[in-house]
Amino acid sequence: MTSNQALADWVREVAALTQPDRIHWCDGSQAEYDTLVSDMLRSGTLLELDPETRPHSYLHRSHPSDVARTEHLTFVCTPERDDAGPNNQWLAPAEAHSKMDALFAGAMRGRTLYVVPYCMGPIDSPLARCGVEITDSPYVAANMRIMTRMGKAALARIEREGSFVRGLHSLGDLDPERRFIMHFPQELLIQSIGSGYGGNALLGKKCHALRIASYQARQEGWLAEHMLIMGVEDPQGRLHYIAAAFPSACGKTNMAMLIPPVEYQGWKVKTIGDDIAWLHVGEDGRLWAINPEAGFFGVAPGTSRHTNPNAVDMLEHDTIFTNVAMTGDGRPWWEGLSDETPATDWQGRPYDPANGPAAHPNARFTVSARQCPSWSPEAEHPAGVPITAIIFGGRRASLAPLVLEAKNWQHGVLLGAGMASETTAAATGKVGVVRRDPMAMQPFCGYHFGDYWAHWLATGARLTKAPGIYQVNWFRRDAERRFLWPGYGENLRVLKWIIERCQGQVNAEQTPVGNLPLHGGIDLAGLDVSREHMRELTHIDPQAWLAEMDEVGSFLHGFGPRVPQALHDERERAAQGLRQLAG
Ligand code: OXD
Ligand code: MN
């Protein structure tokens, strides 16, 4: 099946342990995908949506206890506990291995073992990395074909290069008591059992492209980040790429494919990626980015013609939906899509509002990136795209202004490290609680945050043309909890200011915590945002920020001596300036 001995041996060992009935090596062909789909239609794993209006589109309903990433069951297993850091749950590798071996023993009896070779990144890019996921879920195999470059070409690259990340996945019995997602960064190994959902099961995504890749990236001198990548082209044809980190379910997909407001005739947005960026220092001293993924695994609820018209168009065919509701005529439905009433909810019950939302709040779509009307062929460029600006964003009802510019790279790293956001339904747990989520990597950094921030600083030192770093907040609210900023396509106005700043074209107001737009700096033509709201959105309250800097200080100290002194100094400088301002 393969000329790579290590891979052949590993598949044999896994089969001996898990005891599948059959082994299938995925080639990534359309015929293979069609067979996976028809098998799943027969077994009831997939339901066919209306073939007239939603051709080649399917609905999967996951087990009701398996609907989101489970961070409390996710571990990083480094030999030294401190290398995983306080930001990760840790288990000693030997203990984790014996726990997982016991759970995997016989787990695939009666099932097919799929060997899924995949490549994260353009298949011919030196920046791409390969992996092989072994899974007993045909749903995972089908999703991996959409989300990655899966099959023959990836296997050929693995055979050429020799190295690959190993990911072993089994649905197990789907009991949350026997659900674990383990990472062994030193062994380039992932083991996941007991969940068939998203980031727990599609191992190329969070497990490989973020947790394992971030660990590898530190050793090799690059960055693996939870960031969208988009191009913004102005009417003169000048194109700038932006990489933006937001926590899960905070609008990265909407932003990556936004449609310019009507006042922005001639502006174009080009989508490269919506979730993950691998960033490398180029020979030219600029930062270059590839999107390691080939598809979108996006949150469905809230997606509509108003919030993301490109997504609505891209989801009309060849899409797998998970945990959405369905209309009487077999179309997918979710809260925010339209004012129709669905026929069945995400669990297949006749829709009854008394049962809660019709679609699960973390319902998803899986779709090829190429179906996005704003997808850019530059996403296939082996060298990636050069980044003009990096954005850190969060969901914060108060404090954080619409946009804030870091004073320099080091200060930008502090802005990223201090990021906070209200929690969302993308992970199990309470929704709406503000938590620190540095660089939106809290659930995804595969090593100690102190080392991670030091690595960010070291990367910046290698850039002779470093991108500007910005913080944004589209989610600021007034006393009545109404959003102050319209968001979505209108966010382009903020991106325009950011690009102008990076080009040195406009001035800004300097404050101890960063630089703000001057009055009129953000173009509001045609927009119904009052002067008072705009002032609220573009000013900082020194007292509130002092309290924030204190909290950031305690948060950084919680990571102990591995936190670079430069970050403490940067924070102290900001706090001193605020104390002076506050008088
Ligand atoms: C995702 C997540 O699925 O961040 O992208 O949870
Ligand atoms: Mn994500």
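Every chain is numbered on its own, with residues counted from 1 as its sequence reads. For naming, the first written chain is A and the first written ligand is 1, with later ones following in the order written. With pLDDT at 70 or above as the cut-off, local features in this predicted model cover only qualifying residues; side-chain atom pairs require 80 or more to be listed or tallied, and sums for whole chains, interfaces and linings still use all residues. Excluded from the side-chain calculation are hydrogens and water; included are all heavy atoms of the structure.

Q: What am I meant to see in the site of ligand 1 here?
A: Close contacts around ligand 1 come from Arg69, Lys205, Lys206, His226, Ser248, Asp275, Arg364, Ala426 and Phe444, and that covers them all. Here a polar contact is recorded for every N or O atom pair within 3.5 Å, except that within protein the pair must consist of a potential hydrogen donor and a potential acceptor, and residues adjacent in sequence are included only if both atoms are side-chain atoms. At 3.3 Å, a side-chain N or O of His226 approaches an oxygen atom of ligand 1. Accessible surface area values rest on a Shrake-Rupley calculation with a 1.4 Å probe, where residue burial reflects the displayed protein chains alone. Coverage of ligand 1 by the protein amounts to 95% of the 210 Å² it exposes when considered alone. Each residue is assigned to one class: nonpolar for Ala, Val, Leu, Ile, Met, Phe, Trp, Tyr, Cys and Pro, charged for Asp, Glu, Lys and Arg, and polar for all the others, Gly among them. Across the shell around ligand 1, the residue classes break down as two nonpolar, two polar and five charged. Near, as used in this document, describes a residue that has one of its heavy atoms within 4 Å of the molecule or strand being considered.

Q: What exactly am I supposed to notice about the coordination of the manganese ion (ligand 2) here?
A: Six octahedral donors at a metal ideally form angles of 90 or 180 degrees, and four tetrahedral donors ideally form angles of 109.5 degrees. The protein atoms that coordinate the manganese ion (ligand 2) are Lys206 (NZ), His226 (NE2) and Asp275 (OD), at distances of 2.1 to 2.2 Å. For Na, K and Ca the donor cutoff is 3.2 Å, while for all other metals N, O and S atoms must lie within 2.8 Å; water is not among the atoms, so some sites may look incomplete. Counting along the primary sequence, the residues that act as donors to the manganese ion (ligand 2) give the motif K-x19-H-x48-D. Of this pair, Lys206 sits in helix H8 (residues 204-220) while Asp275 sits in the loop between strand S15 (268-273) and strand S16 (277-281), and the two are 69 residues apart along the sequence. Numbering goes from the N terminus for both helices and strands, where a helix is a DSSP run of H or I of at least four residues and a strand is a run of E of at least two.

Q: Help me out: how do you make sense of the packing of helix H2 (residues 30-43) against helix H5 (residues 138-147) in this one?
A: Any two packed helices are characterised by how steeply their axes cross, that is the angle between the axes, and by the distance between the axes. With axes taken as lines fitted to C-alpha atoms, and helix axes fitted only over the stretch in contact, angles between N-to-C directions fall between 0 and 180 degrees. One way to put it is that H2 packs onto H5 with a least axis distance of 10 Å and a crossing angle of 145°. Relative to H5, H2 is oriented so that their crossing is left-handed. Between H2 and H5, the contacting residues are Gln30, Tyr33, Leu36 and Met40 on the first element and Pro138, Tyr139, Ala141, Ala142, Arg145 and Ile146 on the second. Classifying every residue of the contact of H2 with H5 by side-chain character gives eight nonpolar, one polar and one charged. When the near helix sits turned anticlockwise from the far one by under a right angle, the crossing is termed left-handed; a clockwise turn instead gives a right-handed crossing. The contact criterion used is simple: two residues touch if any of their non-hydrogen atoms lie within 4.5 Å.

Q: Which parts of the structure should I look at to understand the pairing of strand S10 (residues 180-184)?
A: Residues in a regular strand project their side chains so that they alternate between the two faces of the sheet. Of all five residues making up S10, five are buried, and the element is well covered by its neighbours. Burial along S10 is two-sided: the face carrying Phe180, Met182 and Phe184 and the face carrying Ile181 and His183 are both buried. Strands qualify as paired when DSSP identifies two bridges or more between them. Two strands pair when backbone bridges link them, and strand S4 (residues 74-76) and S10 are joined in this way by three bridges, in the parallel orientation. In the strand pairing of S10, Phe75 is matched with Met182. Bridge analysis of S10 against strand S11 (residues 189-193) gives five bridges, and the strand direction is antiparallel. Bridging from a neighbouring strand, Ile181 pairs with Ser192 of S11. Only protein chains enter the area calculation, which uses a 1.4 Å probe; residues under 20% of their type maximum are buried, those over 50% are exposed, and those in between are partly exposed.

Q: Any chance you could explain the packing of helix H15 (residues 542-557) against helix H16 (residues 565-582) here in plain terms?
A: One way to put it is that H15 packs onto H16 with a least axis distance of 9 Å and a crossing angle of 160°. With respect to their mutual orientation, H15 and H16 come out roughly antiparallel. Judged by the sense of rotation from one axis to the other, the crossing of H15 with H16 is left-handed. Facing H15, whose interface residues are Pro542, Gln543, Trp545, Leu546, Met549, Asp550, Val552, Gly553, Leu556 and His557, H16 presents Leu567, His568, Arg571, Ala574, Ala575, Leu578, Arg579, Leu581 and Ala582. Residues of the contact of H15 with H16, tallied by class, amount to 12 nonpolar, four polar and three charged. Every angle not falling under 35 degrees, over 145, or within 65 to 115 is termed oblique; those three ranges are roughly parallel, roughly antiparallel and roughly perpendicular.

Q: Is there a simple way to think about the sheet that holds strand S22 (residues 364-368) in this case?
A: Consider a sheet: its strands pair through backbone hydrogen bonds, and that pairing is either parallel or antiparallel. Spatial ordering of the open sheet is given by S2-S3-S19-S22-S18, a layout of five strands whose pairing is mixed. The strands lining the two open edges of the sheet, one partner per strand, are strand S2 (47-48) and strand S18 (295-299). With three bridges connecting them, strand S19 (residues 320-322) and S22 associate as antiparallel partners. Among the inter-strand pairings, Thr322 is bridged to a residue of S22, identified as Arg364.

Q: Explain unusual backbone geometry here, please?
A: For residues besides glycine, phi is generally negative; the peptide bonds are generally trans as well. For Asp318, which is not glycine, the phi dihedral falls at a positive 45°. Take Asp318: it is sitting in the loop between helix H10 (309-314) and S19. Relative accessible area serves as the criterion here: at 29%, Asp318 is assigned to the partly exposed category. The phi dihedral of Arg481 is positive, around 65°, even though this residue is not glycine. You can see Arg481 is positioned in the loop between strand S27 (468-472) and helix H13 (492-502).

Q: So what exactly am I meant to see when it comes to the side chain of Asp136 here?
A: Its place among the elements puts Asp136 in the loop between strand S7 (129-135) and H5. Its relative accessible area of 3% is what places Asp136 among the buried residues. A polar contact is formed between the side chain of Asp136 and the side chain of Arg111, at a distance of 2.8 Å. With near-sequence residues (within four places) excluded, Asp136 lies in contact with Ala107, Met108, Arg111, Thr112, Tyr114, His169, Ser170, Leu171 and Gly172.

Q: Would you explain the packing of aromatic side chains in this entry?
A: Two descriptors summarise a pair of aromatic rings, namely the distance from one centre to the other and the angle between the planes of the rings. Here a pair means two rings of Phe, Tyr or Trp (six-membered ring of Trp) with centres within 6.5 Å. Their orientation is stacked below 30 degrees between planes, edge-to-face above 60, and tilted elsewhere. One pass over the full model with this rule turns up 17 aromatic pairs. Look at Trp453 and Phe559: their rings are 5.3 Å apart centre to centre, the planes differ by 80°, and that puts the pair in the edge-to-face class. Here Trp453, found in helix H12 (residues 449-461), pairs with Phe559, found in the loop between H15 and H16; they are 106 residues apart in sequence, far enough to count as distant. According to the relative accessible area criterion, Trp453 is buried, its value standing at 0%. Residue class for Phe559 comes out buried when judged on its relative accessible area of 9%.

Q: When you look at helix H11 (residues 409-417) in this model, what are you seeing that I'm missing?
A: In an α-helix there are 3.6 residues to a turn, and that puts residues three or four apart on one side. Among the nine residues of H11, eight are classified as buried, and the element is accordingly described as predominantly covered. For H11, every residue scored as buried is listed here: Trp409, His411, Gly412, Val413, Leu414, Leu415, Gly416 and Ala417.

Q: Help me understand the pairing of strand S29 (residues 514-517) in this model?
A: Here strand S28 (residues 508-511) pairs with S29 via four bridges, running antiparallel. Within the sheet, the bridge partner assigned to Glu509 lies in S29 and is Leu516. Between S28 and S29, which pair antiparallel in sequence order, lie two residues.

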